[in-house]
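# Reading the structure
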Amino acid sequence: MSELIGSLAYFGLFLTLGTFALAREANRRLGREVFNPLLWSTILCCMVLLATGTDFETYYAGGADLLDRLITPATICLAIPLYRQFELLKRNTGAVLAGCAAGVLAHMLGCLLMLVLFRLDGPQYITLLPKSITTAIGKSLSEELGGYPAITMATIMITGIFGAVASPSLLRLFHVTDPVAQGLAIGTASHAAGTSRAVELGDVQGAASSLAIVVAGLLTVAAAPLFAGLA
Amino acid sequence: MKYLRQAAILAAVTFAAEIIKYLLPLPVPASIYGLVLLFALLKSGALKLEQVEDVGGFLLEVMPVLLVPPSVSFLTALDAIEDLLLPVLIMGFLGTMAVMAVTGHAAQLAMRLGKGGRKHE
């Protein structure tokens, strides 16, 4: 079985698009947030890989790399909603800075809490520091500061999928009602994966979330070395 | 041809972003340089929205499915994550909720203060 799969150049692409289409259909028919396509496509892909004894590298080389490679240009295109909504965001510069800074600080304090609570060692603690930011920054930051990049990546993905699935309900729960504030909260807490959901909520949310990825990402890059020193 | 041109422009921006990343040794990914670059090109008028809008819109629309492969890479970290599972889960769920609530409220507070401030002027 694994020999067959290893010889299929489009196995990963088909599996990903197929499971995503399936999850999307379930989502459309049942109209529930639980059937988030990103979450269920990921779960189904993992299940198929485990069941067939296929390793991640085979899946990745089988066309999943095509999708992965498009993340960079897709993230760059977040400049489009940002450009469309720039005047609105400029009027709210104070809110953008205050929101992102407060969010990044809250995250760093959370990491410190984990450090104390679980008596983590230095590298373990550093592994958690970049978890709210976009995968690419997070991975290199974790490497740079001496964490475990693979675990940082996994934590970032859990964060992103959770943000993509739950952010609309969470924002309601927390009474975050302003569209700009909603976007900032999604982008600061759950980077590009959350932002892919924010774009669906509206152009303003999408733009604010895109901006928050950049601002919170850079603030984290600046603050993480300071907090890493506390371990 | 319209789509080909737009794709070529976006590929050029991505390419330029990778060059910038190569030249600047910061832990910032090419996508962030590219985002800032594309924004600057649009804002300065060097590029018009119509020149990237369709293919760009398509990429934004399919972004969730693009994120599936890196999410599946979670499988490769399964062994390593064991010791750190509880802190990872707490930060992944509760931490994310806390950051979302704090960011949202800080932003809303700043907006209220901003508006209040303007009234007193």
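Residues numbered from 1 in each chain as written. Chains lettered and ligands numbered in written order. Predicted model: local features only at pLDDT ≥ 70, side-chain atom pairs only at ≥ 80, totals over all residues. Heavy atoms only, no water.

## A short note on the overall build of chain A
Helix and strand counts for chain A stand at 13 helices and zero strands. Mapped in sequence order, the helices and strands of chain A form the string α-α-α-α-α-α-α-α-α-α-α-α-α. A globule of 231 residues ought to have a C-alpha radius of gyration of about 17 Å, and chain A, at 19 Å, matches this closely. Along the first, second and third principal axes, the C-alpha atoms of chain A reach 55 × 45 × 30 Å. (Helix = DSSP H or I, 4+ residues; strand = E, 2+ residues; numbered from the N terminus. Rg over C-alpha atoms; globule rule 2.2 N^0.38 Å.)

## Thoughts on the confidence of the model for chain A
When pLDDT is averaged across chain A, the result is 90; 98% of the residues are at 70 or more. Here helix α1 (residues 2-6) of chain A stands out as the element of chain A with the lowest mean pLDDT, 75, in contrast to helix α8 (residues 93-117) of chain A, whose mean of 95 is the highest. (pLDDT = per-residue confidence, 0-100.)

## Some details on helix α11 (residues 149-173) of chain A
One turn of the α-helix equals 3.6 residues, which is why residues spaced by three or four share an orientation. Along α11(A), the sharpest kink reaches roughly 65°, centred on A166(A) and followed within four residues by the proline P168(A). In terms of burial, α11(A) is largely enclosed, as 20 of its 25 residues are buried. (Bend = angle between axes of the 7 residues up to and from the residue. Buried < 20%, exposed > 50% of the residue type's maximum accessible area, 1.4 Å probe, protein only.)

## Description of a nonpolar patch on the surface
All names here are of chain B. Nonpolar side chains collect at one region of the surface, where F15, I19, Y22, L23, L24 and L26 lie side by side and expose about 690 Å² of accessible area between them. Along the polypeptide, Y22 turns up in helix α1 (residues 2-23). Residue class for Y22 comes out exposed when judged on its relative accessible area of 71%. (Patch = residues over 30% accessible without salt bridge, like charges linked within 9 Å, V, L, I, M, F, W, Y side chains within 5 Å. Areas by Shrake-Rupley, 256 points an atom, 1.4 Å probe, with all protein chains shown as cover. Salt bridge = Lys/Arg side-chain N within 4 Å of Asp/Glu carboxyl O.)

## A word on the side chain of N92(A)
In this structure, N92(A) sits in the loop between α7 (86-91) and α8. Here N92(A) falls in the buried class, since its relative accessible area comes to 16%. Apart from residues no more than four positions distant in its own chain, N92(A) is found in contact with V180(A) and M111(B). (Contact = heavy atoms within 4.5 Å.)

## A few points about the domain arrangement of chain B
A common measure of how large an interface is: the accessible area buried when the components associate. We note that the domain assignment places domain 1 (1-66) and domain 2 (77-121) within chain B. Distance from the C-alpha centre of domain 1 of chain B to the C-alpha centre of domain 2 of chain B: 28 Å. (Domains from an automatic or database assignment.)

## Quick look at the pattern of salt bridges
All names here are of chain A. Within this structure, the stated rule accounts for eight salt bridges over all chains. One salt bridge in this structure joins R28 and E25, with 2.9 Å as the shortest N-O distance. You can see R28 and its partner E25 sitting in helix α2 (residues 11-30), three residues apart, about one turn around the helix. Note on R28: relative accessible area 59%, which makes it exposed. A salt bridge links D203 to R84, with the nearest nitrogen and oxygen atoms 3.8 Å apart. Of this pair, D203 sits in helix α13 (residues 203-228) while R84 sits in helix α6 (residues 79-84), placing them 119 residues apart in sequence. What emerges from the salt-bridge pattern is a single network uniting E25, R28 and R29.

## Observations regarding empty space enclosed by the protein
Across all of its chains, the model carries one cavity of 30 Å³ or more by this definition. Roughly 40 Å³ of internal volume is contained in the largest cavity. In terms of lining, the largest cavity is formed by G103(A), V104(A), H107(A), L129(A), S132(A), I133(A), T188(A), A216(A), T220(A) and V99(B). Among the elements of the structure, α8 and α13 of chain A are those that each provide at least two residues to the lining of the largest cavity. With three residues, the top contributor of residues to the lining of the largest cavity is α8(A). In the lining of the largest cavity, the residues fall into five nonpolar, five polar and no charged. (1 Å grid on protein atoms, 1.4 Å probe; cavity = no way out; pocket = protein on both sides within 12 Å on 5 of 7 lines; lining within 4 Å. Points joined across faces, edges and corners; volume = space filled by probe spheres on them. Nonpolar A, V, L, I, M, F, W, Y, C, P; charged D, E, K, R; others polar.)

## Some points on the side chain of T159(A)
Turning to its location among the elements, T159(A) is positioned in helix α11. Within the local environment of T159(A), its side chain forms a polar contact with the backbone oxygen of T155(A), the two atoms lying 2.8 Å apart. (Polar contact = N/O pair within 3.5 Å; in protein donor to acceptor, adjacent residues only side chain to side chain.)

## Structural notes on the interface of chain B and chain A
If you look at the interface, chain B gives 64 residues, while chain A gives 95 residues. Counting each side, the surface lost to burial between chain B and chain A is near 7000 Å², with a carbon and sulfur contribution of 85%. In terms of surface lost to chain A, no three residues of chain B exceed P27(B), M91(B) and M100(B), which account for 10% of the buried area on that side. For the pair chain B and chain A, the interface holds two salt bridges. Of the charged contacts, one joins K43(B) and E87(A) as a salt bridge, the two residues approaching to 3.8 Å between their closest N and O atoms. At the boundary of chain B and chain A, one finds seven residue pairs in polar contact (both at pLDDT 80 or more). Residue assignment for the side of chain B that touches chain A shows that the elements contributing at least two residues are α1, α2 (30-44), α3 (53-66), α4 (68-72), α5 (78-81) and α6 (85-120) of chain B. The leading source of residues in the side of chain B that touches chain A is α6(B), at 24 residues. Partitioning the side of chain B that touches chain A into residue classes produces 46 nonpolar, 14 polar and four charged. (Buried area = accessible area lost by both parts, 1.4 Å probe.)

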